Amino acid sequence: MSGAPIASIAILGGGTAGWMTAAALSKALAPQGVAIALIESDAIGTIGVGEATIPTIHWFNQLIGLDEAAFMQATGATWKLGIEFRGWQGEGSAYFHPFGTYGLPGDAQMLPHRLIRAWNGGHAIDIEAVSLTTQLARAGVFARGSGDPRSLLSTLGHAYHFDAGLYAAFLRRMAEERGVRRQEGRVTAIDRDGETGFIRALTTERGEHVAADLFIDCSGLAGLLIEGQMAAGFEDWSHWLPCDSAWAAPTAADPAAPLFTTATAAAAGWRWRIPLQHRVGNGYVFSSRFETADAARDSLIAAIGTPTADPRLIRFTPGRRRRAWIGNVVAIGLASGFLEPLESTSIHLIQTGIGKLLSLFPRQDCAPLLAEQYNRVFAQEMEDVRDFLVLHYHFTQGRSEPLWQHCQATALPESLAYKVEQFTSSGRLMLRGEELFRDASWFAVMTGQGLRAGDHNPMLDSMSETENLRHLDAVKAAVAKSLAQLRADRA
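Rules behind the numbers
Residues numbered from 1 in each chain as written. Predicted model: local features only at pLDDT ≥ 70, side-chain atom pairs only at ≥ 80, totals over all residues. Heavy atoms only, no water. Disulfide = S-S within 2.5 Å. Buried < 20%, exposed > 50% of the residue type's maximum accessible area, 1.4 Å probe, protein only. Core = buried A, V, L, I, M, F, W, Y, C linked by side-chain atoms within 4.5 Å. Helix = DSSP H or I, 4+ residues; strand = E, 2+ residues; numbered from the N terminus. Contact = heavy atoms within 4.5 Å. Pairing = 2+ DSSP bridges. Axes fitted to C-alpha atoms, helices over the stretch in contact; angles between N-to-C directions. 1 Å grid on protein atoms, 1.4 Å probe; cavity = no way out; pocket = protein on both sides within 12 Å on 5 of 7 lines; lining within 4 Å. Points joined across faces, edges and corners; volume = space filled by probe spheres on them. Expected span 1.5 Å × (residues − 1). Phe/Tyr/Trp six-rings, centres within 6.5 Å; stacked < 30°, edge-to-face > 60°. Salt bridge = Lys/Arg side-chain N within 4 Å of Asp/Glu carboxyl O.

Student: What should I look at first to understand the state of the cysteines in this one?
Tutor: A covalent bond bridging the sulfur atoms of two cysteines is what the word disulfide describes. Evaluation of the coordinates by the stated rule reveals zero disulfides. Here Cys 243 stays free of any disulfide, with the sulfur of Cys 407 as its closest cysteine sulfur at 6.9 Å. Judged by its relative accessible area of 1%, Cys 243 is buried. Overall, the relative accessible area of 3% leaves Cys 407 in the buried class.

Student: What should I look at first to understand the nonpolar core in this one?
Tutor: A general feature of soluble globular proteins is that nonpolar side chains tend to end up buried together. Ile 9, Tyr 167, Leu 171, Ile 216 and Leu 391 are the most contacted members of the largest nonpolar core, which totals 129 residues. If one sorts the elements of this core by residue count, helix α9 (residues 368-394) sits on top with ten residues. Setting aside chain neighbours within four positions, we find Leu 171 in contact with Trp 19, Met 20, Ala 23, Phe 60, Ile 64 and Leu 66. Counting residues in each nonpolar core, the second largest holds 17 residues, with Leu 202, Ile 226, Ile 326 and Ala 331 among its members.

Student: Just checking my understanding: could you explain the sheet that holds strand β8 (residues 187-192) for this structure?
Tutor: Backbone-to-backbone hydrogen bonds pair the strands of a sheet. The strands run either parallel or antiparallel. In spatial order, the strands read β8-β9-β10; together these three strands make up an open sheet with antiparallel pairing. Because the sheet does not close on itself, it has two edges, and the strands there are β8 and β10 (209-211). Here the average twist between neighbouring strands, direction ignored, is 20 degrees. With five bridges joining them, β8 and strand β9 (residues 199-204) adopt antiparallel strand pairing. Each residue of the ladder has a partner; that of Ile 190, found in β9, is Leu 202.

Student: Can you help me understand empty space enclosed by the protein in this one?
Tutor: Unoccupied space between atoms shows up once a probe the size of one water molecule is rolled over them. All told, the structure shown has one cavity of 30 Å³ or more when counted by the stated rule. Each pocket or cavity is described by its volume, and for the largest cavity that value is around 150 Å³. What lines the largest cavity is a set of 20 residues, among which Gly 333, Ser 336, Gly 337, Leu 349 and Ile 350 lie closest to the centre. When contributions to the lining of the largest cavity are tallied by element, the ones reaching two or more residues are β21 (337-338), α8 (346-359) and α9. Top element by residues in the lining of the largest cavity is α8. It accounts for six residues.

Student: Explain helix α1 (residues 15-29) to me, please; I cannot follow it from the model alone.
Tutor: A turn of α-helix holds 3.6 residues, and therefore any two residues three or four places apart point the same way. When the terminal C-alpha atoms of α1 are compared, their 21 Å separation across 15 residues agrees well with the 21 Å that a helix rising 1.5 Å per residue should span. The element α1 is largely enclosed, with a buried count of 13 among its 15 residues.

Student: In this structure, what is going on with the side chain of Asp 163? I would like to understand it.
Tutor: Tracing the sequence through the fold places Asp 163 in the loop between β6 (159-161) and α6 (164-177). With relative accessibility at 11%, the residue Asp 163 sits in the buried group. Residue contacts for Asp 163: discarding those within four places in its chain leaves Thr 75, Leu 276, His 278 and Arg 279.

Student: Is there a simple way to explain the sheet that holds β21 in this structure?
Tutor: What the three strands build is an open sheet, ordered β12-β18-β21; its pairing is antiparallel. Strand pairing shows two members of the sheet lacking a second neighbour, β12 (234-236) and β21, which therefore form its edges. Pairing geometry for strand β18 (residues 319-321) and β21, over two bridges, is antiparallel. Within β21, the residue paired with Gly 319 across the bridge is Phe 338. With respect to the sheet, α9 is in contact with β12, β18 and β21, its orientation differing from that of β18 by roughly 175 degrees.

Student: Honestly, the packing of aromatic side chains in this entry has me stumped. Any pointers?
Tutor: We describe a pair of aromatic rings using the distance from one ring centre to the other and the angle between the two ring planes. According to the stated counting rule, one finds 22 aromatic pairs in the structure shown. Taking the centre distance of 5.5 Å and the plane angle of 80 degrees together, the rings of Phe 71 and Phe 162 count as edge-to-face. One end of the pair, Phe 71, is in helix α3 (residues 68-75); the other, Phe 162, is in the loop between β6 and α6, with 91 residues separating them in the sequence. For the residue pair Phe 71 and Phe 162, the accessibility class agrees, reading buried in each case. Here the aromatic cluster, defined as three or more aromatic residues joined through ring pairs, consists of Phe 71, Trp 79, Phe 142, Tyr 160, Phe 162 and Tyr 167.

Student: Please explain the pattern of salt bridges as it appears in this structure.
Tutor: For side chains of opposite charge, pairing can occur when their charged atoms come near one another. Going through the model one piece at a time under the given rule, you end up with 28 salt bridges. Two residues, Asp 193 and Arg 200, come together in a salt bridge whose shortest N-O distance is 3.9 Å. A relative accessible area of 26% means that Arg 200 is categorised as partly exposed. Among the ionic pairs, Asp 254 bridges to Arg 273, the shortest N-O distance being 3.0 Å. Of the two residues, Asp 254 sits in the loop between β13 (245-252) and β14 (261-266) while Arg 273 sits in strand β15 (residues 269-275), which places them 19 residues apart along the sequence. The exposure class assigned to Arg 273 is partly exposed, which follows from its relative accessible area of 27%. Through salt bridges with shared partners, one network takes in Asp 384, Lys 419, Arg 432, Glu 434 and Glu 435.

Take a look at the structure:
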């Protein structure tokens, strides 16, 4: 072991996490001559997380040099403008979490306070009417965001729905073209340095010996290296997020499918619906404490009709590894932890793991301070996403099933309780600069889940209530005009 540069990397596991890691590392490191090997077995299935994404996917696709048109064709991708939550405030209710900001350009911070002021004054302003992204989603019209900060199109955001298995295959081709070597087979032996505890090599069932300076654990929920060898430990969050299972099943493609993901609350969890070009992805995330697997399967089939393949059961424990980087092992993806797909964060957490690794890339001695910083940022990031998910569960109303009663009665994480108190008392959302979900997302979900702020930012008091309402009317008119123009352009 020395301070010499990393010369070789071994990635254990393929799937979405493994091939995303391989594509990114090969793009960054292959020109430096770093040898990268990926070990996976066709006999080991992958969960295939990530049919739906959030707008941060653009950063990763640019990082690896991905061509959007080729990617969309190869993965059956469709546009995604946000997520609709149905039934979370009782049967028949619905609200929309848009990818984009509310209001006019430059008004993103104050527009929520304008709405709060109007609502508290007894005026029923529709939140969807002041979001161009939401209006486009409702109308089934896609438009890209503009880089011109003066354009209303600059308030837009979008992501994708795609087939995770096809995405992994697409990235595999990219990675192998850049020199990544794939090794087929299960790992049957792991060699560790008796003095440092570093992993030195992996041996497959075929007798192939893969030595490396750095090992990336993308082995999924099992965490074969980070947990099985390095004993990272696991922080269980199931008391806040009680769902621990999911059935997944495809149905036939829907030519009239919307430009958004649908998350529908159900008796013991929620169902997803994700439209792709060649099929629709469906699933039911549920808690085995409140519904049996057989009953959950029957519930999913009753909701979606006849699937085109047998439903597949996935078991998981929500939470994170206490450390995602130990010695010369870095866990990325499900090996580092699992948070259910309610807000489509699985692929985001893979790519931020990759981003942190590139920023803190070590030498052969894997300096402990690098791992410590990685683990600090990783822990905070996971807790931020956890809090956003708990927000949905805890504040669900109009549902009397035992699961939802349990979620409503469970005390909030302290970090989330602070955000909720700030918002309900003052309308403020005090977010750190590095948090994933920004003001518009928190405002959309808090409002959709029935939270109401008791006050607005007093900076608005420089204008009269009538002027505030006039401003909101102008926003609604601008959004409606832009929607009409975009519709006409696509007619």
